[in-house]
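Results of the structural survey
So you can see what is in the structure, the chains are spelled out below.
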Amino acid sequence: MCGIFAVIGAENAAAELYVGLVHLQHRGQDAAGMITFDFKDPDNGIKISKDIGLVSTVFNDAKLLTVNGQMGIGHTRYPTVGVGDAKEVQPFFNRYPDGIGLAFNGNIVNYPVLKEKLKQRRVYLSSSSDAEVLLEIFGYSYGKEEKDGAEAVYSAVRKVHEEAIGGYSVALIIANKGIVAFRDPNGIRPLVMGEKKVNGKKSYAFASESIALSIQGYESIRDLKPGETVFVDKDLKVHSKVIEAGKPAPCVFEYVYFSTVESVYEGMPIYEVRKKLGEELAAKVRKHWPDMQIDVVIPVPDTSRTAANSLAKALGVPYEEGLIKNRYIGRTFIMPVQKIRENAMKLKLKPIESVIKGKNIMVVDDSIVRGTTSRRIVELLRESGAKKVYFLSTFPPIRNPCYYGIDFQRKEELIANGKTIDEIEKEIGADKLIYMDVEGLHKAVGTDKLCTACVTGSYPTTTEHTKELTKLREKHLAQISSKC
Ligand code: SF4
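Now for the domain arrangement of the chain. Domain boundaries in the chain define domain 1 (3–249) and domain 2 (270–459). Facing 16 residues of domain 1, the contacting portion of domain 2 comprises 15 residues. Of the roughly 1,300 Å² buried between domain 1 and domain 2 on both sides combined, carbon and sulfur atoms contribute 57%. Here domain 1 is connected to domain 2 by zero salt bridges. Inspection of the region where domain 1 meets domain 2 yields three residue pairs in polar contact (both at pLDDT 80 or more). Put simply, the parts of the chain that give the side of domain 1 that touches domain 2 at least two residues each are strand S6 (100–108) and strand S7 (166–174). Among the residues forming the side of domain 1 that touches domain 2, the class breakdown is six nonpolar, eight polar and two charged.

Encoded structure:
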């Protein structure tokens, strides 16, 4: 998962990119970058700045002054391929044709195959990133067009859809031409667009999440349709077309974990979905375990707070903050290797003994992926004197890998792989483990037109080539582990 932001028509594109990326920081903490273009200096208009680190570390005031212009694209990285080194930091840039930069969120399932194909075409790839492959495919096709403009853009995106399998949202900057944004044919990864008018002057922006736009005064925010491409040219004319429409399958994990609670995704406020998830879980508890003695409901901060609160209300049980998150530690799930995740977990959560001691605790988490966090939480609660620990997950058991940009690409790393709920309960050490079910998930989101492949095993794209992808990820993770 990553965060992307693009803007055109701004007074100061870098300033907007910075604010946008800060509000997308939760989508990737590994690296950040931006490319801007200054229409007032078209021959020397492209500026690139990127590095490993958080947005605020990479872009101090001095750095921000080096990127200027009226349009730009930005990226905050969460690695799902690659070895996490500086060569993979996005956006990528190619001088030919025209000067094109690309930032991308998602995963290309057939990346190893495409990489091989490009090698045969004698294209030198400088990184282990699938973003670079997308840029090559787009650029090769765009460069073959006789004329630039919307039709050339559409034809290059069509080529990307033909070649690349996966979940992807992409933002491109074409020097002196404009900004392009597009979504994969199933709309697996999110991408929204907004516009604003300041002193009669229009600007347009695109982002992985609506909060990065609304916080900056953008209005008329809408999701790009699955397979839709939008090209905003230098005169701020908006061209848009659905190039290839597949079955809509936006990632349901965005609602539960990935997106921030202030965002709206596919027209549904994340906050409202999480509230409903809590109510759905409460209904399940009342139906199946009506005699369960619960003294207090606590959330695992921060993502599950909204659901835990609504669950406590629906059950008529006190809601308390029993675990406090160290605000200087990032999201442990999105850290690339287990060793780093485990170390971070030791630093991340602190219990409040007065809330926990001698009580039957119902603890609510957004999901259980590898079980690292869940096991540690149960241990912490017991060490703090909890009488009973009931563990609730607002997401069903994850038994299948995600190939679309969330970093659990191997079955073996999933705690629910091949296990019953009782076995998982035993493994995390809880007195009771209760999961959300798929029906409850659909009810909370208000639709079943979603990707739920990690739960159901039914993938919206072909899974051909996933073996090669998993093998490559294993190789890259081993390389990252050896550096830790
Ligand atoms: S497999 Fe799961 S995490 Fe991956 S895109 Fe689908 S719903 Fe999201």
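Moving on from the coordinates now.
Here the focus is the side chain of Asp233. Tracing the backbone through its elements, the reader meets Asp233 in strand S12 (residues 228–233). No salt bridge is formed by the buried Asp233; the nearest opposite charge belongs to Lys237, separated by 5.8 Å. For Asp233, the side chain forms a polar contact with the main-chain nitrogen of Asp235, separated by 3.0 Å. Within the structure, the side chain of Asp233 is placed 2.9 Å from the side chain of His239, a separation counted as a polar contact. Not counting the four nearest positions on each side in its chain, Asp233 is found in contact with Ile8, Lys177, Gly178 and His239.

Another aspect to go through is helix H13 (residues 372–383). Between its first and last C-alpha atoms H13 spans 17 Å; for 12 residues at 1.5 Å apiece the expected length is 16 Å, and the two agree. For H13, every residue scored as buried is listed here: Thr372, Ser374, Ile377, Val378, Leu380 and Leu381. At the exit of H13 stands Gly385, carrying a positive phi of roughly 95°.

This part covers the environment of Tyr78. Mapped onto the fold, Tyr78 is located in the loop between strand S4 (71–77) and strand S5 (92–94). Sequence separation between Tyr78 and Gln90 is 12 residues; the distance between their C-alpha atoms is 11 Å. A polar side-chain atom of Tyr78 sits 2.6 Å from the main-chain amide nitrogen of Asp407.

Bringing the side chain of Glu425 into the picture now. With respect to the element layout, Glu425 can be found in helix H14 (residues 421–428). A relative accessible area of 14% places Glu425 in the buried class. The contacts of Glu425, once residues within four sequence positions are left out, are Ala430, Asp431, Lys432 and Leu433.

All right, on to the pairing of S7 then. When you tally the buried positions in S7, you get nine out of nine residues, the bulk of the element. Both S6 and S7 contribute to a ladder of nine bridges, which runs antiparallel. By the bridge assignment for S7, Leu102 is matched with Leu172. As judged from the six bridges shared by S7 and strand S8 (residues 178–183), these two strands associate in the antiparallel manner. Residue Ile173 lies in a different strand from S8, and its bridge partner there is Ile179. Counted between consecutive antiparallel strands, the loop separating S7 from S8 contains three residues, among which Asn176 sits at a positive phi close to 65°.

With that out of the way, let us pick up the packing of aromatic side chains. For the structure on display, the rule yields 11 aromatic pairs. Centroid distance Tyr78 to Phe258: 5.6 Å. Interplanar angle 55°. Geometry classified as tilted. With Tyr78 in the loop between S4 and S5 and Phe258 in helix H8 (residues 253–258), this residue pair connects regions lying 180 residues apart in the sequence. For the pair shown, Tyr78 and Phe258 are each scored as buried. Ring geometry for Phe253 versus Phe408: centroids 6.1 Å apart, planes at 90°, classification edge-to-face. With Phe253 in helix H8 and Phe408 in the loop between strand S20 (388–393) and H14, this pair connects stretches of sequence that are 155 residues apart. We note that Phe253, like Phe408, is buried.

What follows is about the sheet that holds strand S3 (residues 46–52). Judged by pairing direction, the sheet is antiparallel, and its seven strands sit side by side in the order S3-S2-S4-S1-S10-S9-S11 without closing on themselves. The open sheet has two edge strands, S3 and strand S11 (219–223), and neither has a second partner. Going from strand to strand, the sheet's axes swing by 10° on average, the running direction of each strand aside. In terms of strand pairing, strand S2 (residues 31–37) meets S3 through seven bridges, oriented antiparallel. In the strand pairing of S3, Ala31 is matched with Ile52.

Contact pair helix H9 (residues 270–288) / helix H15 (residues 438–445): the axes reach a minimum separation of 8 Å and the direction vectors enclose 140°. Taken together, the axes of H9 and H15 lie oblique to each other. Two packed elements cross with a definite hand, and for H9 against H15 that hand is right-handed. Between H9, through Val273, Lys276, Leu277 and Glu280, and H15, the contact on the second element is made entirely by Gly440, Leu441, Lys443, Ala444 and Val445. The residue inventory of the contact of H9 with H15, partitioned by class, reads five nonpolar, one polar and three charged.

Rules used throughout
Residues numbered from 1 in each chain as written. Predicted model: local features only at pLDDT ≥ 70, side-chain atom pairs only at ≥ 80, totals over all residues. Heavy atoms only, no water. Domains from an automatic or database assignment. Contact = heavy atoms within 4.5 Å. Buried area = accessible area lost by both parts, 1.4 Å probe. Salt bridge = Lys/Arg side-chain N within 4 Å of Asp/Glu carboxyl O. Polar contact = N/O pair within 3.5 Å; in protein donor to acceptor, adjacent residues only side chain to side chain. Helix = DSSP H or I, 4+ residues; strand = E, 2+ residues; numbered from the N terminus. Nonpolar A, V, L, I, M, F, W, Y, C, P; charged D, E, K, R; others polar. Buried < 20%, exposed > 50% of the residue type's maximum accessible area, 1.4 Å probe, protein only. Lys, Arg positive; Asp, Glu negative; His and termini not counted. Expected span 1.5 Å × (residues − 1). Pairing = 2+ DSSP bridges. Phe/Tyr/Trp six-rings, centres within 6.5 Å; stacked < 30°, edge-to-face > 60°. Axes fitted to C-alpha atoms, helices over the stretch in contact; angles between N-to-C directions. Parallel < 35°, antiparallel > 145°, perpendicular 65-115°, else oblique. Left-handed = near helix turned anticlockwise from the far one by under 90°.

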